[in-house]
Amino acid sequence: MSEQTTTDLRETVRQRYATAALKVTDGNAACCGPEPVEIDDNFGSTLYAADERDALPAEAVAASLGCGNPTAVAELREGERVLDLGSGGGIDVLLSARRVGPTGRAYGLDMTDEMLALALANAAKAGATNVEFLKGTIEAVPLPANTIDVVISNCVINLSTDKPAVFAETFRVLKPGGRIGVSDVVADDTLSTEQRAERGDYVGCIAGALSFAEYRAGLEAAGFTDIEITATHQVADGMHSAIVRATKPVAAVVRTEVPESADGCCGVNACCTPTETSADPALSVTEAKDASGCGCQG
C-alpha cells in the first residue's frame, strides 16, 4: 500500500471519529442529551450491560462505536495497568478503571483530538482519577516497553492500514506474561479483499478486516501465544465481531534498537565494569545484552 493511500485512509477514519465526537458534544447541548452514534445494533452501546451503561456519563455511552465489550472478556484484575487502543469517547477506559481499582491505571490511546477532548470530559464527569488519555496512533504507541498488563481494543485494529505494526507495538508494551482481550471485526477465510471491501460499504469501516487465519498469523508473527479467536455475532455476510485473546510469553524479550554510546558495547554503557548501565532505559542490563546478542555477560 502506498504512503499516500495509507495517509488518505487514516484521514478518512480520523474524520469519521471526529464527526462522531462532535455529534455527541453538540447533542449534549440539546434538550434530550447526546444522541448515540451507533451504525446499527451490531455496533455501539447496546453491546454493554445496562448496569455498565448506567454507571457512566451519557456522553461516553453515546460515543461508543465498537463491535463488542472487551472489558467483559479481558478478565481485568485489581492493580493492573490497562491500555485501550483507539479509546474514542473513553467508555472502555472508564469501565477498565473501575475494574482495576485505585491501585491500577487505565490508559486510552487515540489519534483524534475531538475524541480525546470528549474522553477527558467524560473522565472528569465520572470522577475517574486512575485514567490517562494519550494522543497517538496504534501503530506507534507512546509508552515504554514492558509496562502494560493488558491491552484491549474495540473494533479499531481492523481500521489500521499497518496491522503488523499494531501487533508488534502491542507485544512491545506488554509485560512478559501480559495479555490482550480485543473485540474486532474478522472476515471468513473464504472472502477475498474485494469482497470484504464490498461489505464495508454497507456497515461502516470494516473493509480492512483480516480473515481468521490472517489474524492468527499476524499475532503469531509478533510473538504471541495461546491465541483464541472466537466469533460472537455477524456484522455483515461473512464478517463477524470476534473476541481475540492472546498472551505474551513470560520468557519473551522485546528486541529494540539500542543506541550506541562512546563508551558502550552490547547495548550497555561501561560494559563489564561495576558501573555498567543499559543504554536503553526501558531495558535492564541483562535484557539489553540479551537483545543485542552480546557474548559479554560478565
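Note that the structure is predicted; figures quoted are calculated from it, not measured.

(A) Structural context of the overall build of the protein. Counting its secondary structure elements, the protein contains nine helices and ten strands. The buried share of the protein, reckoned over its 298 residues, is 52%. Within the protein, residue pairs in contact and separated by at least 24 positions form 67% of the contacts whose partners lie at least 6 positions apart.

(B) Quick look at the environment of Leu210. The topology assignment puts Leu210 in the loop between α7 (193-203) and α8 (212-222). Sequence-wise, Leu210 and Val185 are 25 residues apart; in three dimensions their C-alpha atoms are separated by 7.8 Å. Apart from residues lying up to four places away in sequence, Leu210 is in contact with Lys163, Phe167, Val185, Val186, Ala187, Arg196 and Tyr215.

(C) Examining the sheet that holds strand β1 (residues 81-85) more closely. Sheet architecture is open: seven strands sit in the order β3-β2-β1-β4-β5-β7-β6, paired in mixed fashion. Every other strand in the sheet has two partners, leaving β3 (131-135) and β6 (225-236) as the edge strands with one partner each. Neighbour to neighbour, the strand axes of the sheet diverge by 15 degrees on average, direction disregarded. One ladder, built from eight bridges, connects β6 with strand β7 (residues 239-247); its direction is antiparallel. Paired with Ala231 across the two strands is Ala242, which belongs to β7.

(D) Structural context of the pairing of strand β5 (residues 174-187). Counting buried positions along β5 gives eleven out of 14 residues, so the element sits mostly inside the fold. In this sheet, β5 lies alongside strand β4 (residues 148-154) in parallel orientation, the contact comprising six bridges. Its bridge partner lying in β5, Ser153 is registered against Val182.

(E) Focus on helix α4 (residues 91-100). Most of α4 sits inside the fold, with eight of its ten residues counted as buried. Looking one or two places after α4, you find Gly101, whose phi comes out positive at around 75 degrees.

(F) Summary view of the packing of helix α6 (residues 163-173) against α8. The geometry of α6 relative to α8 is characterised by a closest axis approach of 9 Å and an angle of 45 degrees between their N-to-C directions. Here α6 lies oblique to α8, going by the angle between them. The way α6 lies across α8 gives a crossing that is right-handed. On α8, the residues touching Phe167, Ala168 and Phe171 of α6 are Tyr215, Gly218, Leu219 and Ala222. Considering only residue class, the contact of α6 with α8 consists of six nonpolar, one polar and no charged.

(G) Spatial organisation of the nonpolar core. Ranked by size, the top nonpolar core spans 31 residues in total, and within it Leu83, Ile180, Tyr215, Leu219 and Phe224 carry the most contacts. Only β1, β2 (105-110), β4, α6, β5, α8, β6 and β7 provide two or more residues apiece to this core. Once you skip the residues sitting within four places of it in the chain, Ile180 turns out to touch Val151, Thr170, Leu174, Leu219, Phe224, Val244, Arg245 and Ala246. In terms of nonpolar packing, the next biggest core, distinct from the first, is built from nine residues, Ala106, Ala119, Ala123 and Phe133 among them.

Rules and cut-offs
Residues numbered from 1 in each chain as written. Predicted model: local features only at pLDDT ≥ 70, side-chain atom pairs only at ≥ 80, totals over all residues. Heavy atoms only, no water. Helix = DSSP H or I, 4+ residues; strand = E, 2+ residues; numbered from the N terminus. Buried < 20%, exposed > 50% of the residue type's maximum accessible area, 1.4 Å probe, protein only. Contact = heavy atoms within 4.5 Å. Pairing = 2+ DSSP bridges. Axes fitted to C-alpha atoms, helices over the stretch in contact; angles between N-to-C directions. Parallel < 35°, antiparallel > 145°, perpendicular 65-115°, else oblique. Left-handed = near helix turned anticlockwise from the far one by under 90°. Nonpolar A, V, L, I, M, F, W, Y, C, P; charged D, E, K, R; others polar. Core = buried A, V, L, I, M, F, W, Y, C linked by side-chain atoms within 4.5 Å.

These figures come from the coordinates and say nothing about function on their own.
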